[in-house]
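# Coordinate inspection notes
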Amino acid sequence: MFKKLLPLTNVQWVEARRFARPNLQAKEERILPANAESLAPYLLTLQGSQKRVFNRIQNFITRIFPEFDTLNPELKETLVTLTLTLAGTDTKVPLEFCGSGVEQLLALITFLLTTPAGTTILLDEPHTYLHPSAEREFISLLMADQERNYIISTHSPVMMNSVPSDRIINIIAGEQGSFKASDPHSVGPILQSLGYKNSDFLLYDRLILGEGKSDAAVLPVLLKNSQKFTAAQIERTGFPTTEGADSSSSAKKQTIVLRYEKMLQELEMASIARLYLRDGDAAPDEQTLLMGTEQPGSGQAVPVKYLPCVEIENYLLVPDAIPQAIRTLKQFAGSPEPRSALRK
């Protein structure tokens, strides 16, 4: 999608696949291509002509990857090699054997620190092959840069959750190659006021909105144990919560549901499959009120269902199902103490 923007002035596009070719012919390299294939001769040129910039690149890489302590672009006869020295040793490891994350981040940081001020840099999937901690460090560097503008295309929840909500635009494919984009200035305050992370809604095909954290922990267990849903379907299902609504009046509960509906509209996600799942202990008048809630603008009914049981956790209280449920909960939550996730 970024190629269409390249005719704009002062724009640098960085491809999603950035792989430095090893052992290239030696030549002075003043421009790093979008795929970073000539990274080795470019860094060698940089080391000789802009030592301060080269040192910044080296310092960033060795801080993120402390197993290395120096970056070595070197001329070997007619070829340029690129290695990193293992910390505390004389062992030089070719870049292609240092791990894809090292290679990707080295290319990215080189683009960032060598692009002129005033440039808009288009980064296509910069999270590729990066460890979450490296993603956060990279985003922190971008956020601190006051001289350039950045437009990032990403599906990474780590990157989305590392920036303010009003910096995120959700783009949805429409008909005949068209696209719809959310308004970040209206989405951000809603997400923040509801206590959500940016990725809680944007990465899923469907949503089941429970009342609290325990609901979000139990629901995946129940869905898996029902054997009616595949692991892939459950993975693509989000379980955000309307925590705090259960102690409010019926009218406030309805207001909270409407705020979620407004947020989905702002995110261009009004058509996503979703269900507001409530515990069965609500009074009849409250159930009637919430189940009669209409979507803002369209007037369509908001999908609200009440459980037959008082609490969703009660569905786990079947003796034969408890051991399996706990084992499954460990798998989903990654917690050594699954019982804590069952508390209301």
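In what follows, the structure referred to is the one given above.
All of the points below concern the structure found in this document. (Residues numbered from 1 in each chain as written. Predicted model: local features only at pLDDT ≥ 70, side-chain atom pairs only at ≥ 80, totals over all residues. Heavy atoms only, no water.)

### Notes on the overall build of the protein
- Across its full length, the protein holds twelve helices and 13 strands.
- Of the roughly 18400 Å² of accessible surface on the protein, 52% is carried by carbon and sulfur atoms. (Helix = DSSP H or I, 4+ residues; strand = E, 2+ residues; numbered from the N terminus. Areas by Shrake-Rupley, 256 points an atom, 1.4 Å probe, with all protein chains shown as cover.)

### Points about the pattern of salt bridges
- All chains considered together, the criterion is met by nine salt bridges.
- Its salt-bridge partner being K27, residue E29 comes within 3.9 Å of it at the nearest N-O pair.
- Classification of E29 as buried rests on a relative accessible area of 13%.
- We classify K27 as exposed; its relative accessible area is 55%.
- Here R148 and E147 are joined by a salt bridge, their closest N and O atoms 3.9 Å apart.
- Via salt bridges that share partners, D145, E147 and R148 belong to a single interconnected network. (Salt bridge = Lys/Arg side-chain N within 4 Å of Asp/Glu carboxyl O. Buried < 20%, exposed > 50% of the residue type's maximum accessible area, 1.4 Å probe, protein only.)

### Focus: the pairing of strand 3 (residues 68-76)
- By the bridge criterion, eight bridges tie strand 3 to strand 4 (residues 79-86) in an arrangement that is antiparallel. Of the residues in strand 4, the one forming a bridge with L71 is L84.
- Adjacent in sequence and paired antiparallel, strand 3 and strand 4 are bridged by two residues, among which E77 carries a positive phi angle near 60 degrees. (Pairing = 2+ DSSP bridges.)

### Focus on the side chain of D145
- Among the secondary structure elements, D145 is positioned in the loop between helix 4 (132-144) and strand 7 (149-153).
- For D145, a relative accessible area of 17% gives the class buried.
- Engagement of the side chain of D145 in a polar contact is seen with the side chain of R148, the distance being 2.9 Å.
- A distance of 2.4 Å separates polar atoms of two side chains, one belonging to D145 and the other to Y150. (Polar contact = N/O pair within 3.5 Å; in protein donor to acceptor, adjacent residues only side chain to side chain.)

### Overview of unusual backbone geometry
- Residue A36 is not a glycine yet carries a positive backbone phi of 60 degrees.
- One can find A36 in the loop between strand 2 (24-25) and helix 1 (39-49).
- The exposure class of A36 is buried, given its relative accessible area of 1%.
- The residue Y129 is not glycine, and still its phi comes out positive at about 70 degrees.

Coordinates in, geometry out; function isn't part of it.
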